[in-house]
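# Tertiary structure, described
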Amino acid sequence: MPYFITSDSCRIYYEEHGSGKPLIFIHGWACNHRFFKYQTGELSDNYRVILYDLRGHGRSDRSEITEKNMTLRRLAADLWELIEYLKLDKVNAVGWSMGTSILLSYIRKYKSSHLDKLCFIDMTPKLLNDSEWKLGHGASMTLKKNFMFLSAMSADWDAAAERFTPNCFASDFSRNEPEYEWVLSEVKDNTPHCMVNSWISMASEDYRRILPRIEIPVLLAYSGKGLICFPKHGEYMKDHIGDNSRLVIFHECGHCLFLEDPEKFNRELDMFLRS
């Protein structure tokens, strides 16, 4: 299986499919590259699709190296190093949830170097809500609730995964669907200390000032029936990124909109990349 080794000696798993302009998919927290299973075959006809597992996730390293370096800054450096390792340029990159945060961290450090177009899927620039900010995670994740979730993760990861997974889908999505069971099993297959550390880093960041600095086109794909983000999150992102952005609302979908309606997502992404 293909791996590359980062500058801090972390083994990162990656895959390549198809040929053409590079298209990198970056998965979300507690997930892995397999979540883009409906994009890989469809889009590899026209693009060099590159999937990888973030450190601490999937088939990538979960050793003590990741325990010390599970930060968004380091995850952005991993992306930079993967692009350099594969000798890529003019990369289209899709970031889902925490994957969006990684891209925003990348832009903060590297600007748009090596990048051509971006797609942000269902993410807020600031996870925690407070007295002034009401567009965080679910518009309800306060500092107190965040601490309670971290405590739950530390005490019983399987129980925390069962609590988290319903948030991945539309509010009316049935828990009896095979897709739901698949996502739950994938989320459970994680290492608690990696999940806790990466969540802390994500909850500590605020990327609102980064949005106006994005100089390349961005597709914003947001849920209409989500439990984590809502259309107003996408509207905020569009208003603050500006004319370079295009907002598409998936009215019947939740956080995993590319799993719930892959045909629409693939069509919208392909059309955006070709424009």
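All values reported here derive from a predicted model rather than from experimental measurement.

This paragraph deals with the overall build of the protein. Along the protein, the regular secondary structure elements total 11 helices and 8 strands. For 275 residues, the compact-globule formula gives about 19 Å, and the C-alpha radius of gyration of the protein, at 17 Å, lands near that figure. Here the C-alpha coordinates of the protein stretch approximately 45 × 40 × 40 Å along the principal axes. A buried classification covers 59% of the 275 residues belonging to the protein. With the model as given, the accessible surface of the protein reaches about 11,400 Å², and the carbon-plus-sulfur share is 48%. Across the protein, the 34 positively charged side chains and the 38 negatively charged ones have centroids separated by 5 Å.

The next subject is helix 9 (residues 231-241). Residues His233, Gly234, Tyr236, Met237 and Ile241 constitute the buried set of helix 9. Looking straight down helix 9, one finds its buried side chains confined to an arc of 155 degrees; they lie on one side. Where helix 9 is buried, its residues meet strand 6 (115-121), strand 7 (218-223) and strand 8 (245-250). Trailing helix 9 by a residue or two, Gly242 shows a phi angle of about 100 degrees, which is positive.

This part takes up the sheet that holds strand 3 (residues 21-26). Here we have 8 strands laid out as an open sheet, ordered 1-2-4-3-5-6-7-8, and mixed in their pairing. Only two strands of the sheet have a single neighbouring strand rather than two, namely strand 1 (3-5) and strand 8. Taken pair by pair, the neighbouring strands of this sheet meet at an average axis angle of 20 degrees, ignoring direction. Bridging between strand 3 and strand 4 (residues 47-52) involves 5 bridges; their strand directions are parallel. Following the sheet pairing, Lys21 is matched in strand 4 by Tyr47. This element, helix 3 (residues 72-85), spans strand 1, strand 2 (11-17), strand 3, strand 4, strand 5 (91-96) and strand 6 of the sheet and lies at about 110 degrees to strand 1. Packed onto the sheet, helix 11 (residues 262-274) meets strand 3, strand 4, strand 5, strand 6, strand 7 and strand 8 and runs at close to 170 degrees relative to strand 8.

What follows deals with the layout of surface pockets. In this model, the largest pocket occupies a volume close to 230 Å³. For the largest pocket, the full set of lining residues is His137, Gly138, Ser140, Met141, Lys145, Phe149, Arg163, Phe164, Asn167, Trp199 and Leu227. In terms of residue class, the lining of the largest pocket is made up of 5 nonpolar, 4 polar and 2 charged.

Right, let's get into the pattern of salt bridges. As enumerated under the stated definition, the model contains 17 salt bridges in all. The residue Lys37 makes a salt bridge to Glu179 at a minimum N-O spacing of 2.9 Å. In this pair, Lys37 sits in helix 1 (residues 37-43) while Glu179 sits in helix 7 (residues 178-188), placing the two residues 142 residues apart along the sequence. The closest approach of N and O atoms between Asp270 and Arg274, which form a salt bridge, is 2.9 Å. Of this pair, Asp270 and Arg274 both sit in helix 11, 4 residues apart, roughly one helical turn. Look at Asp270 and you get buried, because its relative accessible area is 18%. Linked by salt bridges that have partners in common, Asp8, Arg55, Arg74, Asp78 and Glu81 make up one network.

Basis of the calculations
Residues numbered from 1 in each chain as written. Predicted model: local features only at pLDDT ≥ 70, side-chain atom pairs only at ≥ 80, totals over all residues. Heavy atoms only, no water. Helix = DSSP H or I, 4+ residues; strand = E, 2+ residues; numbered from the N terminus. Rg over C-alpha atoms; globule rule 2.2 N^0.38 Å. Buried < 20%, exposed > 50% of the residue type's maximum accessible area, 1.4 Å probe, protein only. Areas by Shrake-Rupley, 256 points an atom, 1.4 Å probe, with all protein chains shown as cover. Lys, Arg positive; Asp, Glu negative; His and termini not counted. Charge placed at Lys NZ, Arg CZ, Asp CG, Glu CD. Arc of directions from axis to C-beta. Contact = heavy atoms within 4.5 Å. Pairing = 2+ DSSP bridges. Axes fitted to C-alpha atoms, helices over the stretch in contact; angles between N-to-C directions. 1 Å grid on protein atoms, 1.4 Å probe; cavity = no way out; pocket = protein on both sides within 12 Å on 5 of 7 lines; lining within 4 Å. Points joined across faces, edges and corners; volume = space filled by probe spheres on them. Nonpolar A, V, L, I, M, F, W, Y, C, P; charged D, E, K, R; others polar. Salt bridge = Lys/Arg side-chain N within 4 Å of Asp/Glu carboxyl O.

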